[in-house]
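Geometric and topological summary
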Amino acid sequence: MLSSRFLRQAFTQPSRRFNSTLTGLDASKVKLTKSQTLKPLVANKDLVFGHTFTDHMITADWNEQEGWLAPEIRPYENLSLAPSAVVFHYASECFEGMKAYKDKNGNIRLFRPDMNMARMNRSTARIALPQFEGKELLKLIGDYAKLDQRWIPEARGYSLYLRPTMIGTQEALGVNAPSNAKLFVIGCPVGPYYKTGFAAIKLMATTEYVRAWPRGTGDAKIGGNYAPGLLPQRMAAKAGYQQNLWLFGDDHQLTEVGTMNLFVLWKNESNELELVTPPLDGAILPGVTRDSILSLARGWNEFKVSERKVTMPELREAVKNNRVVEMFGAGTACIVSPIKTIEYMGEDLQIPLDPNDSTSQAGPYTKRFNNEIMDIQYGDKESDWSVVI
Ligand SMILES: *Cc1c(COP(=O)(O)O)cnc(C)c1O
């Protein structure tokens, strides 16, 4: 058996990817082609997540002889790829999810975008796609967001969702690291995840399927991780639960909620108030929102903050002893998503929302994380997490 260290080196240090004779991604070489016909804007109230796209996109091609060719900002349009392109056969694809926000002064802002660039380069490395200069892609994203800025709605809660993507485009069925790749970025205007205030979700704990495992690929944002989640997701939906809760191991460790990281605020076994999220052990996607919540909570210093394993039997016991305070999922699309019910082994566990308001759909800490992060994203609160472009 190959040692995991050997595999890691093979994936992250293929020598040809660092060949200094290859050209790096260079935003200053961008070729701009403006769209001749601009699409009509969609009213804020009619925006559905991921259904409306702006007038332009960013593209850049790479090949192993030359490196990155000059990037382009050009009209949003279909890609033309050979049916033999590796992306269609072996899922040579990875992506990012980030947002551009318009602040009160009309400035366009990104939230911790360097983290998305670093994570995307870890994802491309994991599936043997090329590295790229994150700073250069951010410059291109800045140019692109300014060009398409009429698509960034101004109201709080609205933003332009950005989807950087890389695919293997080599036209060959051999299972090899692709010799050709394409990077592209598309953008879609999105509204608040919860149009009428928070709506707490019901989860079904999936015991039959596993999303990710240590030393697998769960910590990389690669397309191949997501299609296998659709069947369990549909099973949960059919049973009346909005998302599934992914477990791992015979002890049923909590890992993630749908495509969000997971947080539990509870009184732990020692009766201390503690915010817990599963540790980055290779099976957890290292979310930017996750990191931001941990950092805010550590700054508040009002309760213990832990990245550690929690199992369903432990959570079930805490629910029964009224030790659970709040639970929520966390990700760029929604920031936080309060959880009210978890179905586990045939039993619905009820998670408290707000102890002081029976009509509220989110607990006070869940709301506070949401508001603090939003304040930073929209530039209402000064922070170096928010970058004006
Ligand atoms: C993208 C994603 C997240 C959230 O990451 P953010 O950077 O906070 O948006 C969490 N889990 C999975 C599986 C994801 O794909």
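Residues numbered from 1 in each chain as written. Predicted model: local features only at pLDDT ≥ 70, side-chain atom pairs only at ≥ 80, totals over all residues. Heavy atoms only, no water.

1. Thoughts on the UniProt feature "modified residue: N6-(pyridoxal phosphate)lysine" (unreviewed entry) in the chain
As a reminder of what qualifies: UniProt positions are given in the numbering used here, feature names are shortened, and annotations may be inferred rather than shown by experiment. Only DSSP runs of H or I reaching four residues or more are called helices, and only runs of E reaching two or more are called strands; each is numbered from the N terminus. Residue contacts are counted whenever heavy atoms from the two residues lie within 4.5 Å of one another.
Look at the UniProt record and you will see "modified residue: N6-(pyridoxal phosphate)lysine" (unreviewed entry) annotated at Lys-221. Examined against the element boundaries, Lys-221 turns out to sit in the loop between β10 (201-206) and α5 (230-238). With residues up to four places along the chain from it excluded, the contact list for Lys-221 reads Cys-94, Phe-95, Glu-96, Gly-97, Arg-119, Ser-123, Tyr-226 and Leu-285.

2. Quick word on the packing of helix α6 (residues 288-300) against helix α8 (residues 364-377)
For clarity, the cut-off: Here, axes are lines fitted to C-alpha atoms. For helices the fit covers the stretch in contact, and angles between N-to-C directions go from 0 to 180 degrees. An angle below 35 degrees is read as roughly parallel, one above 145 as roughly antiparallel, one from 65 to 115 as roughly perpendicular, and any other as oblique. By the convention adopted, Pro, Cys, Tyr, Trp, Phe, Met, Ile, Leu, Val and Ala count as nonpolar, Lys, Arg, Asp and Glu as charged, and the other residues, Gly among them, as polar.
For the pair α6 and α8, the least separation of the axes is 11 Å and the interaxial angle reads 105°. Between α6 and α8, the interaxial angle falls into the category roughly perpendicular. Between α6 and α8, the residues in contact are Thr-289, Ser-292, Ile-293, Leu-296, Ala-297 and Trp-300 and Tyr-365, Arg-368, Phe-369, Glu-372 and Ile-373, respectively. Its residues assigned to classes, the contact of α6 with α8 comprises 7 nonpolar, 2 polar and 2 charged.

3. Quick word on the environment of Thr-332
By the secondary structure assignment, Thr-332 is in the loop between β16 (324-331) and β17 (335-344). The residues contacting Thr-332, other than those within four sequence positions of it, are Gly-97, Met-98, Lys-99, Tyr-161 and Thr-289.

4. Points about the side chain of Asp-148
We apply this condition: Summary of the burial criterion: residues with accessible area below 20% of their type's maximum are buried, those above 50% are exposed, and those between are partly exposed, where the area comes from a 1.4 Å probe applied to protein chains only. Just so you know, the count uses Lys and Arg for positive and Asp and Glu for negative, and it drops His and the chain ends. Between Lys or Arg on one side and Asp or Glu on the other, a salt bridge is scored when a side-chain nitrogen of the former is within 4 Å of a carboxyl oxygen of the latter. Pairs of N or O atoms within 3.5 Å make up the polar contacts considered here, provided that, within protein, one atom can donate a hydrogen while the other can accept it, and that residues adjacent in sequence are counted only when both atoms are side-chain atoms.
Structurally, Asp-148 can be placed in the loop between α4 (134-147) and β8 (159-168). An unpaired buried charge is present at Asp-148: no salt bridge exists, and Arg-150, the closest side chain of opposite charge, is 5.9 Å distant. Looking at Asp-148, its side chain comes within polar contact range of the side chain of His-56, at 2.8 Å.

5. What to know about the site of the ligand
Convention followed: Neighbouring residues are identified by heavy atoms, a residue being near a molecule or strand if any of them is within 4 Å of it. For the accessible areas, the method is Shrake-Rupley and the probe is 1.4 Å, while residue cover comes only from the protein chains on display.
Within the structure, the ligand sits among 14 residues, and Lys-221, Tyr-226, Glu-256, Thr-289 and Thr-332 are positioned closest to it. Within the side chain of Tyr-226, an N or O atom sits 2.5 Å from an oxygen atom of the ligand. Separating a nitrogen atom of the ligand from a backbone N or O atom of Thr-259 is a distance of 3.4 Å. Across the complex, the protein chains shield 95% of the 380 Å² of accessible surface that the ligand would expose by itself. Sorting the residues of the shell around the ligand by element identifies β13 (260-267) and α6 as the ones contributing at least two each. For the shell around the ligand, the residue count by class is 4 nonpolar, 6 polar and 4 charged.

6. Quick word on the pairing of strand β11 (residues 243-248)
So the rule is basically this: Strand pairing is assigned whenever DSSP detects at least two bridges linking the two strands.
The buried fraction of β11 is high, at 5 of 6 residues. With 4 bridges connecting them, β10 and β11 associate as parallel partners. Each bridged residue has a counterpart across the sheet, and for Ala-205 the counterpart in β11 is Leu-245. Of the pairings in the sheet, the one linking β11 to strand β12 (residues 253-257) comprises 4 bridges and is antiparallel in character. Within the sheet, the bridge partner assigned to Trp-246 lies in β12 and is Glu-256.

7. Here's the deal with the confidence of the model for the chain
Inclusion rule: Confidence of the predictor at the level of single residues is captured by pLDDT, which takes values from 0 to 100.
Mean pLDDT over the chain stands at 93; residues scoring 70 or higher make up 95%. For the stretch residues 6-16, pLDDT sits under 50, and the model shows 10 contacts to residues farther than four places along the chain or on other chains.

8. Topic: the nonpolar core
Inclusion rule: Only buried residues count toward a nonpolar core, which is a set of Ala, Val, Leu, Ile, Met, Phe, Trp, Tyr and Cys residues joined through side-chain atoms within 4.5 Å.
One finds Leu-245, Leu-315, Met-327, Ile-342 and Phe-369 to be the most contacted residues of the largest nonpolar core, which totals 51 residues. Leaving out residues up to four positions away in the same chain, Leu-245 has contacts with Leu-203, Met-204, Ala-205, Thr-206, Leu-254, Glu-256, Val-257, Leu-262, Met-312 and Ile-342. Listed in part, the 33 residues of the second largest apolar core include Leu-25, Leu-129, Met-166 and Ile-222.

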